Amino acid sequence: MKWVAMVFVLGSSFSWSSEKPPELWSWIKDLNKSKEACEIQSSYVLQSLSLENQVENQYGIYGNVKSNRVVVKCIAISHSASKLIVSVAGNNRDSVEIIRNKIIKSIN
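Residues numbered from 1 in each chain as written. Predicted model: local features only at pLDDT ≥ 70, side-chain atom pairs only at ≥ 80, totals over all residues. Heavy atoms only, no water.

### Things to note about the nonpolar core
Test applied: Only buried residues count toward a nonpolar core, which is a set of Ala, Val, Leu, Ile, Met, Phe, Trp, Tyr and Cys residues joined through side-chain atoms within 4.5 Å. The classification of residues rests on relative accessible area computed with a 1.4 Å probe and restricted to protein chains. Under 20% of the type maximum is buried, over 50% is exposed, and intermediate values are partly exposed. In DSSP terms, a helix is any run of H or I states spanning at least four residues, a strand is any run of E spanning at least two, and both are numbered starting from the N terminus. Note on contacts: a residue pair qualifies if any of its non-hydrogen atoms lie within 4.5 Å across the two residues.
Counting 19 residues, the largest nonpolar core has Leu-46, Val-70, Val-72, Leu-84, Val-86, Val-88 and Ile-103 as the members making the most contacts within it. Sorting the residues of this core by element identifies β1 (23-31), α2 (35-48), β3 (60-65), β4 (68-78), β5 (81-90) and α3 (93-106) as the ones contributing at least two each. It is α3 that provides the largest number of residues to this core, a total of four residues. Residues contacting Val-86, with those up to four places away along its chain left out, are Trp-25, Ser-26, Trp-27, Val-71, Val-72, Arg-100, Ile-103 and Ile-104.

In structure tokens, the structure reads:
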């Protein structure tokens, strides 16, 4: 019985090590608009990309675009300036890059 458990543990660790970790692409961009304006535009852009399971809270806007996980965060620098942080993760490198670039280009 001990051997079966050990084989299962070893076998499962081998399957984890052979899996490729997801791609993670991010970007930081300074904006000449308030944090609130950044959040409104970010939400609109994400909805236009068909963001699913959207959650908005004090930590940012989260959701899925196809098989990719997206996070957008707006940080206030002053009343009229903010910082946009975008991260996209997924298994397909091209898809992750395209979605990240669309978000960055659409929010200005």
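There is more to say after this.
### Structural notes on the pairing of β4
Keep this limit in mind: The pairing criterion is simple: DSSP has to find at least two bridges between the two strands.
In this sheet, β4 lies alongside β3 in antiparallel orientation, the contact comprising five bridges. Residue pairing for β4: Ile-61 is matched across the bridge by Val-72. Where β3 folds back onto β4 in an antiparallel hairpin, the turn is made up of two residues, including Lys-66, whose phi is positive at roughly 55°.

### A few points about the environment of Ile-98
Along the chain, Ile-98 falls in helix α3. Accessibility expressed as a relative area gives 46% for Ile-98, which makes it partly exposed. Once the C-alpha coordinates of Ile-98 and Trp-25 are considered, the two residues, 73 residues apart in sequence, prove to be 9.9 Å apart.

### Brief notes about unusual backbone geometry
Residues other than glycine seldom take positive phi values, yet Asn-53 does so here, at roughly 55°. Among the secondary structure elements, Asn-53 is positioned in strand β2 (residues 52-57). A positive phi angle is found at Lys-66, which is not glycine, with a value near 55°.

### Looking at the sheet that holds β5
What counts, and what does not: Here an angle of 0 to 180 degrees is reported between the N-to-C directions of two axes, which are lines fitted to C-alpha atoms, with helices fitted over the stretch in contact.
What the five strands build is an open sheet, ordered β1-β5-β4-β3-β2; its pairing is antiparallel. Strands with a single pairing partner mark the edges of an open sheet, and in this sheet they are β1 and β2. This sheet shows a mean twist of 15° between the axes of neighbouring strands, independent of strand direction. Here nine bridges tie β4 to β5, and the two strands are oriented antiparallel to one another. Looking at β5, one finds that Ile-75 is bridged to Lys-83. Contacting β1, β2, β3, β4 and β5, α2 runs over the sheet at an angle of about 160° to β4.

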